[in-house]
Amino acid sequence: MGMANRKGRNRREFLKLMAVGPAASSSLVSAAVLTEESPEREAAALEPAAPLPGTGMPGPFPGRVIETRSSRSILDNRVDFAVVQEMIGRGMAELTGASSAREAWRVFFNEQDIVGIKVNASGVPGCVSSPEIVNAVILALNDVGIPFQNIYLYERFSFQMDLAGYHATVPPGVHVTGFGNDRGDLRSYDKSIYYETCFFGEEETRSYLGKLVSQRLTKIVNIPNLKDHGAAGVTGCLKNIAYGSFDNVARSHQGTKTYTKTFIGELCRVEPLRSKTVLQVMDGLRGVYHGGPFAPNQKYMWFPGLIYLGTDPVAIDRIELDIIEAKRREKGLISLWDRSPKNIITGEERGGDPNKNRFYREPGHIHYAGSLGLGIHDRKRIQLKQLLVS
C-alpha cells in the first residue's frame, strides 16, 4: 500500500476512534479573598515593554485573545471531540482573520515544519492537556501538510507522558516523548543553551534547554491547562513552556520562598524557545483552582468548558489569573496574592487546607514577563473576543 493511501486510512480510522469520545479527567471548583497585593499594584512597579519583534512570543497578535466556550464540550467529565474541533477551528479563524480554519493554521505552519506540542502532564491523572484538544491540533497540522511523523508531543518528564496515556490516543506516527525521569540526566539537554542564575546558593546554577527544542523542532504549539500553582500562582502558557522545556527549574522555590516571578519570563525569553513558540492553546475544559500543579485532590477541579487561543502568552495568562482568582473568591478561599505569614504552611502542617499556601506565591511573574516584551499584561489593552459554540 502506498504512503498516501496508508496516511489517509490512518487518519480516517483515527477520526472514528475520536468520535467515540474517550473519557479524560475529573471535577470540581475554585475561589479567593482580598489581598495585600494585586495585579494593579504589581503593575506600578514595572514599566511595560514593547512586544519583542519577529516570530514566537508574543507573535503577530500581541494582546489578542480568543475565548471559545461550549456547554457541550465536556459533560460528566467526557469531552466531545467534534465540539472541540469546532471551537478550535472557529477560534483560529477569528484570531487570524482567515476565511477558514485551514487557512488560519497556514498563517503559522507549512508542510516543511517539524512541530512540537508542549502538553502539560504534571496533573496526571486528574487534569492534563486534554487528548481531544491535543488531537484536534494534530489533525489541523496534518491538514496543512505536516506528516504525523513530524509532530512531537513533549513534556519534561517521560513518566508523566506514560501515565497520561498519550501514546494510546494520538494518531499513528506521532512522537510522544519526555526529556527523561532523572533530574540529573542531561543527555536530552543542550549544554550550549542555558539560563544561569543562583537563587539559594545551589551548586548547579544553569538550566539547560531540551535538545528537541533547540535542535529538532521548527515550531511549537503550547497547550497548558487552566490551573493554579502553589509557587507561581498559576500554571499558564508562560510556566508550561518555560518549566517544561528546561531542566533544573524546581530550584526556584524552596522552603516557603519562591523566585518564580523573574525566572519564568527569563526562561521564556531564551532563544530559540521564544521564537519557535508560535501558538498558545489554553485548555480550559477542566480547571484546577487549588492544589496545582499536580492536582492530586480532584475536588478542587471544575469544568469551565473553555479554550483560549492566541500568540501572546502574557495576555492569556493574565485572563487565566483573573478566572482562578474569581473562582477562589467564589469559594471563600484566600487570594492567589495573599502574602500573610499566618497562611504559609510549614513542616507537618502541610496538608489539604485550601486557605494555606506552601509558598509565598508569585502571580506577578505574568506582569514581569510582559515587562520583558513577551506580551501584554494590562487588561485595558487586551482584546478579548468571546465566541459561543452552541
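Residues numbered from 1 in each chain as written. Predicted model: local features only at pLDDT ≥ 70, side-chain atom pairs only at ≥ 80, totals over all residues. Heavy atoms only, no water.

Draft legend 1. Highlighting the confidence of the model for the protein chain. When pLDDT is averaged along the protein chain, the result is 87; 85% of the residues meet or exceed 70. Confidence drops under pLDDT 50 across residues 1–7; counting only partners more than four residues distant or on other chains, this segment forms three contacts. Within the model, the stretch residues 20–37 combines pLDDT values under 50 with 90 contacts to residues more than four positions away or in other chains. (pLDDT = per-residue confidence, 0-100. Contact = heavy atoms within 4.5 Å.)

Draft legend 2. Structural detail: the state of the cysteines. Summed over all chains, the structure comprises zero disulfides. Cysteine C237 is unpaired, with the sulfur of C268 as its nearest cysteine sulfur at 9.3 Å. (Disulfide = S-S within 2.5 Å.)

Draft legend 3. Focus on the pattern of salt bridges. Applying the stated criterion across every chain yields a total of 16 salt bridges. K385 is the partner of E94 in a salt bridge, and the nearest nitrogen-oxygen pair spans 3.1 Å. Of this pair, E94 sits in helix α3 (residues 81–96) while K385 sits in strand β17 (residues 383–388), and the two are 291 residues apart along the sequence. Under the relative-accessibility criterion, K385 is labelled partly exposed at 37%. The shortest N-O distance in the salt bridge between E196 and R206 comes to 3.4 Å. With E196 in strand β7 (residues 189–196) and R206 in strand β8 (residues 206–210), this residue pair connects regions lying ten residues apart in the sequence. Looking at R206, the relative accessible area reads 26%, which means it is partly exposed. A cluster of three or more residues bridged by salt bridges with shared partners is formed by R318, D322 and R379. (Salt bridge = Lys/Arg side-chain N within 4 Å of Asp/Glu carboxyl O. Helix = DSSP H or I, 4+ residues; strand = E, 2+ residues; numbered from the N terminus. Buried < 20%, exposed > 50% of the residue type's maximum accessible area, 1.4 Å probe, protein only.)

Draft legend 4. A look at the packing of aromatic side chains. For the structure shown, the criterion picks out 14 aromatic pairs. Between F200 and Y259, the ring centres sit 5.2 Å apart and the planes meet at 75°, which makes this aromatic pair edge-to-face. Residue F200 is located in the loop between β7 and β8, and its partner Y259 is located in the loop between β13 (257–258) and α9 (260–268); the two are separated by 59 residues in the primary sequence. For Y259, a relative accessible area of 37% corresponds to the partly exposed category. Residues Y289 and Y300 carry aromatic rings whose centres are separated by 5.4 Å and whose planes lie at 85° to one another, so their mutual orientation is edge-to-face. Taken together, the residues Y289 in the loop between β14 (277–288) and β15 (301–302) and Y300 in the loop between β14 and β15 connect sequence positions eleven residues apart. With relative accessibility at 6%, the residue Y289 sits in the buried group. (Phe/Tyr/Trp six-rings, centres within 6.5 Å; stacked < 30°, edge-to-face > 60°.)

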